[in-house]
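Understanding the architecture of this molecule
The chain contents come next:
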Amino acid sequence: MIKREQVYEGKAKKVYKTDDPELLIVSYKDDATAFNGLKKGTISGKGVINNRMSNFFMKTLEERGIPTHYVEELSDRDTLVRKVEIVPLEVIIRNISAGSFAKNYGVEEGVVFDSPTIEFSYKNDELGDPLLNEYHALALSLATCEEIATIKEYAFKVNDELKAFWVRCGITLVDFKLEFGRLLDGTIVLADEISPDTSRLWDSNTGEKLDKDRFRRDLGGVEDAYIEVMRRLTEARQNKQ
Ligand code: ADP
Ligand code: UDP
């Protein structure tokens, strides 16, 4: 399958048409942004790592009964996916307080929740991705009641799978963002990516941050953190086989 016309260039990926109207190619870039695009930079090699990591998780989740957009890894940076109509909700699952949760609710980072939380924000860069609840999503016709129920069910299941996998890598899954989309027949599938750009990953022993917070907060060692996470993932995969 080859790339045709570029249909979109986002902050982290480019999206291309293919000869099949139901398939797209996503191409992962090294560009990094934070704070709704205010901070810009490059994380060298990130695109390759995020592409491979995201594909590994999508394949694994698919095997565990969660439908995804993943079709085939085409190269280091390019992946064939099923085209979806993205549900304009950023679905965030948290196991431990961090980031905007800690800030908004006045708690320190690192508080372990008894059970995971879910929140939605309206995927709308112009509005700064505002937080909203299910009733707001219904009022704005962003998704139906049934779709929201399916998204919640899948999101918690993804959390269980990812958390268990990262434990095997000596990594604590703090929080992450998912996006879902609709296939032509309306089926809800997991789309976009699962990577250190969209997850908070802390070393289970030292608490060291191994994710995009190193870039957001100017902590240094950004590339090394992505490489280390990928190294541990590859090792855990090999140990299982
Ligand atoms: P952003 O739009 O937030 O800058 P990216 O740079 O990651 O994000 O761009 C990728 C875009 O492609 C996102 O808007 C995402 O919602 C969208 N997308 C991801 N998977 C699919 C898919 N299977 N079909 C259609 N669009 C998708
Ligand atoms: N996240 C993301 N894209 C966004 C906002 C958040 O991938 O546009 C991820 C982020 O990497 C973290 C989780 O969602 O793993 C929760 O982010 P939070 O709400 O704490 O926002 P932040 O502190 O990153 O602004």
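The coordinates are above.
Residues numbered from 1 in each chain as written. Chains lettered and ligands numbered in written order. Predicted model: local features only at pLDDT ≥ 70, side-chain atom pairs only at ≥ 80, totals over all residues. Heavy atoms only, no water.

1. Let's talk about the layout of surface pockets
- Looking at the second largest pocket, its volume works out to about 330 Å³.
- Lining the second largest pocket are 15 residues, with Phe-56, Thr-60, Arg-64, Phe-165 and Lys-240 sitting closest to its centre.
- Those elements giving two or more residues to the lining of the second largest pocket turn out to be helix H1 (46-63), helix H4 (145-168) and helix H6 (222-240).
- Per-element accounting of the lining of the second largest pocket gives the leading share, 6 residues, to H1. (1 Å grid on protein atoms, 1.4 Å probe; cavity = no way out; pocket = protein on both sides within 12 Å on 5 of 7 lines; lining within 4 Å. Points joined across faces, edges and corners; volume = space filled by probe spheres on them. Helix = DSSP H or I, 4+ residues; strand = E, 2+ residues; numbered from the N terminus.)

2. Things to note about the side chain of Thr-198
- Locating Thr-198 in the fold gives a position in the loop between strand E13 (188-191) and strand E14 (199-203).
- In contact with Thr-198, not counting residues within four places along its chain, are Asp-175, Phe-176, Lys-177 and Glu-193. (Contact = heavy atoms within 4.5 Å.)

3. Some remarks on H4
- Taking 1.5 Å of rise per residue, 24 residues should cover 34 Å, and H4 covers 35 Å from first to last C-alpha, within 8% of that figure.
- Every buried residue of H4 is listed here: Glu-147, Ile-148, Ile-151, Tyr-154, Ala-155, Val-158, Asn-159, Leu-162, Phe-165 and Trp-166.
- Count one or two residues on from H4 and you reach Gly-170, which has phi positive near 70 degrees. (Expected span 1.5 Å × (residues − 1). Buried < 20%, exposed > 50% of the residue type's maximum accessible area, 1.4 Å probe, protein only.)

4. What about the side chain of Ser-121?
- Here Ser-121 shows up in strand E10 (residues 112-122).
- If we skip the residues at most four places from it in the chain, Ser-121 touches Pro-88, Leu-89, Glu-90, Asp-129, Pro-130, Leu-131 and Leu-132.

5. Focus: the pairing of strand E12 (residues 171-182)
- Burial of E12 is extensive: 11 of the 12 residues sit out of reach of the surface.
- With 2 bridges joining them, strand E8 (residues 85-86) and E12 adopt antiparallel strand pairing. Its bridge partner lying in E12, Ile-86 is registered against Gly-181.
- Sheet analysis places strand E9 (residues 89-96) next to E12, joined by 4 bridges and oriented antiparallel. In the strand pairing of E12, Val-91 is matched with Leu-178.
- The sheet contact formed by E12 and E14 spans 5 bridges and is antiparallel. Bridge assignment links Asp-175 to a residue of E14, and that residue is Arg-200.
- Here E12 runs beside E13; their pairing, made up of 4 bridges, is antiparallel. Bridge pairing links Phe-180 to Leu-190 in E13.
- The antiparallel pairing of E12 with E13 creates a hairpin that spans 5 residues between the two strands, and Gly-186 there sits at a positive phi of about 90 degrees. (Pairing = 2+ DSSP bridges.)

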